[in-house]
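Each chain is listed here by its residues.
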Amino acid sequence: METVLVVGAGQSGFGVATSLRDKGFDGRVVLIGDEPGLPYQRPPLSKGYLAGTAGDAQLRLRPEDFFAEKSIELIPGRVASVDRDGAKVVLEDGSAHEYDHLVLATGSVNRVLPVPGSTLDGVFTLRTKDEADVLRAALESAENVVVVGGGFIGLEFAAHAGRPVTIVEAQDRLMARVATPEVSAYFAALHEGAGHTILLGKGVAALRGEGRVTEVELSDGSLLPADLVLVGVGVEPRTRLAEEAGLAVANGVVVDEHLRTSDPKISAVGDCANFPCVQAGTATRLESVQNAVDQARAAAAVITGEPAPYDSLPWFWTDQLGAKLQIAGILTGAGETVVTGDREGGKFSVLSFRDGVLAGVESVNRPPDHIAARRLFAADPAPRFELLEANGFDLKATFA
Ligand code: FAD
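Residues numbered from 1 in each chain as written. Predicted model: local features only at pLDDT ≥ 70, side-chain atom pairs only at ≥ 80, totals over all residues. Heavy atoms only, no water.

**Some details on the domain arrangement of the protein**
Split by domain assignment, the protein resolves into domain 1 (3-109 + 235-303), domain 2 (112-231) and domain 3 (322-399). Computed from C-alpha atoms alone, the centre-to-centre distance between domain 1 and domain 3 is 31 Å. (Domains from an automatic or database assignment.)

**Some points on the pattern of salt bridges**
Inspection of the entire model under this criterion finds 22 salt bridges. For D263, the salt bridge identified is with R84, shortest N-O distance 3.0 Å. Within this pair, whereas D263 is found in the loop between β18 (253-254) and β19 (266-268), its partner R84 is found in the loop between β4 (79-83) and β5 (88-91), the two being separated by 179 residues in sequence. The exposure class assigned to D263 is buried, which follows from its relative accessible area of 11%. A relative accessible area of 31% places R84 in the partly exposed class. Between D133 and K129 there is a salt bridge whose closest N-O contact spans 3.2 Å. Of this pair, D133 and K129 both sit in helix α5 (residues 129-141), four residues apart, which is roughly one turn of that helix. Overall, the relative accessible area of 28% leaves D133 in the partly exposed class. Among the ionic contacts, a cluster of salt bridges with common partners joins D34, R78, E92 and R238. (Salt bridge = Lys/Arg side-chain N within 4 Å of Asp/Glu carboxyl O. Helix = DSSP H or I, 4+ residues; strand = E, 2+ residues; numbered from the N terminus. Buried < 20%, exposed > 50% of the residue type's maximum accessible area, 1.4 Å probe, protein only.)

**Digging into helix α7 (residues 181-193)**
Each full turn of the α-helix corresponds to 3.6 residues, which orients residues three or four apart in the same direction. Over its 13 residues, α7 extends 18 Å from the first C-alpha to the last, a length consistent with the 18 Å expected when each residue adds 1.5 Å. Here α7 has its buried residues at E182, V183, S184, Y186, F187, A188 and H191. Taken from the residues just after α7, G195 is the one with a positive phi, measuring 95°. (Expected span 1.5 Å × (residues − 1).)

**Digging into the environment of G33**
When you line up the elements, G33 lands in strand β2 (residues 28-33). Remark: the alpha-carbon pair of G33 and A9, spanning 24 residues in sequence, is separated by 4.6 Å. In contact with G33, other than residues within four places in its own chain, are A9, I75, P76 and G77. (Contact = heavy atoms within 4.5 Å.)

**With respect to the sheet that holds strand β13 (residues 204-208)**
Reading across from one edge, β13-β14-β15 is the order of the three strands in this open sheet, with antiparallel pairing throughout. Edge positions in the sheet fall to β13 and β15 (223-225), since each has one partner strand and no second. Pairs of neighbouring strands in the sheet enclose a mean axial angle of 20°, with direction left out of account. Pairing between strand β14 (residues 215-218) and β15: three bridges, direction antiparallel. Bridge assignment links E217 to a residue of β15, and that residue is L223. (Pairing = 2+ DSSP bridges. Axes fitted to C-alpha atoms, helices over the stretch in contact; angles between N-to-C directions.)

**Re the site of the ligand**
Around the ligand lies a shell of 33 residues, among which S12, D34, E35, K47 and D271 are the nearest. A distance of 3.3 Å is found between an oxygen atom of the ligand and a backbone nitrogen or oxygen belonging to Q11. Listed by contribution, the elements that provide at least two residues to the shell around the ligand are α1 (11-22), β2, α6 (152-160), α9 (289-303) and β22 (315-320). Each residue belonging to the shell around the ligand can be placed in one class, and the counts come to 12 nonpolar, 11 polar and 10 charged. Formed jointly, the shell around the ligand draws a minimum of three residues from each of two domains, domain 1 (3-109 + 235-303) and domain 2 (112-231). (Near = heavy atom within 4 Å. Polar contact = N/O pair within 3.5 Å; in protein donor to acceptor, adjacent residues only side chain to side chain. Nonpolar A, V, L, I, M, F, W, Y, C, P; charged D, E, K, R; others polar.)

This is the structure:
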């Protein structure tokens, strides 16, 4: 293998490049990215970077000289197409780059709110550093801030915006897609305590204004004054390159347990990849740093001839208003829950079970529980309810 070419210089693309070098790969490693500057991480964008407590240095994944030291070639530009027969990619500027193995690490794009007015001035999304810079500046003069979407991005933005905001959520609770009702309720109380207004079960019918947004019209016809609207309604995987190259695509680029696409010379990793998830028991696409980093490492192992089926435990974190939520496992389809710890005092964990087996653990301000849960899953991927019950649902005791 001579040249590994990676499309997308975000968390997972960077991870593939560095993992290849960590594994002793001595061919060319080429990282092509369409964002300006060095590869950076996104989590601070909706946390410290937004609040002004973290700067560029905290965003950067590595300083510039790291790439020269590791012989990782960074090429700025957007890949326009993949020529599988010729084993090369073509950039928008017309230049072509050949590969022996190609990795698609193209990430995802923010979903657009499908209502009139979604492109008015004053309406923002948050994914890139450029978007965070514009948003941070706009926040300084904004008076009425409305957040559309009570998921992680919207809530982290609210938590770090430095002023009361109104959060509009179509579901009947916050973070409904990824958290249990117990955790949703805790974070709703936290945000209300910080002065935010939460409107649940409300859709957005339109964003109104002449050129610039001035009001949000809700599905019940009511109007909210707004001069800054942050839309956080989820993402779509970036699959155009894969689709046009004739690769299998279904809610992401379809890959097997070795993260290979329908073309064995092409892998896909991170937000853009739909992979057979052991813990979910089905094909899944995950949007997390853990998933990006671990899949990058696994894809590099395949390329360097040490393939192992990808089975890393999914985990995630979010920081809001001084509270840290950490999730280990996959909660989808889980039913029965057990709450342990001090719920009133804001230090507790929620254990979720699917068919009598522990599916996931959400820990609120209990990092030791999160670590214990990850160790427990590593030792026993399917811990039974009775096992935990016998230990009083104490994760540390169960693992020991
Ligand atoms: P990205 O990091 O998005 O990288 C993809 C890159 O590919 C982008 O730079 C894109 O521009 C580039 N690209 C796409 N197409 C092309 C092309 N044709 N040519 C060249 N380049 C291309 N996860 C957590 O676990 N915890 C958190 O607290 C957390 N906070 C987050 C906060 C924010 C604001 C955001 C946006 C995400 C957060 N995430 C968090 C999610 C996490 O950052 C993503 O899951 C992760 O970045 C995915 O990595 P990726 O490499 O798949 O995609």
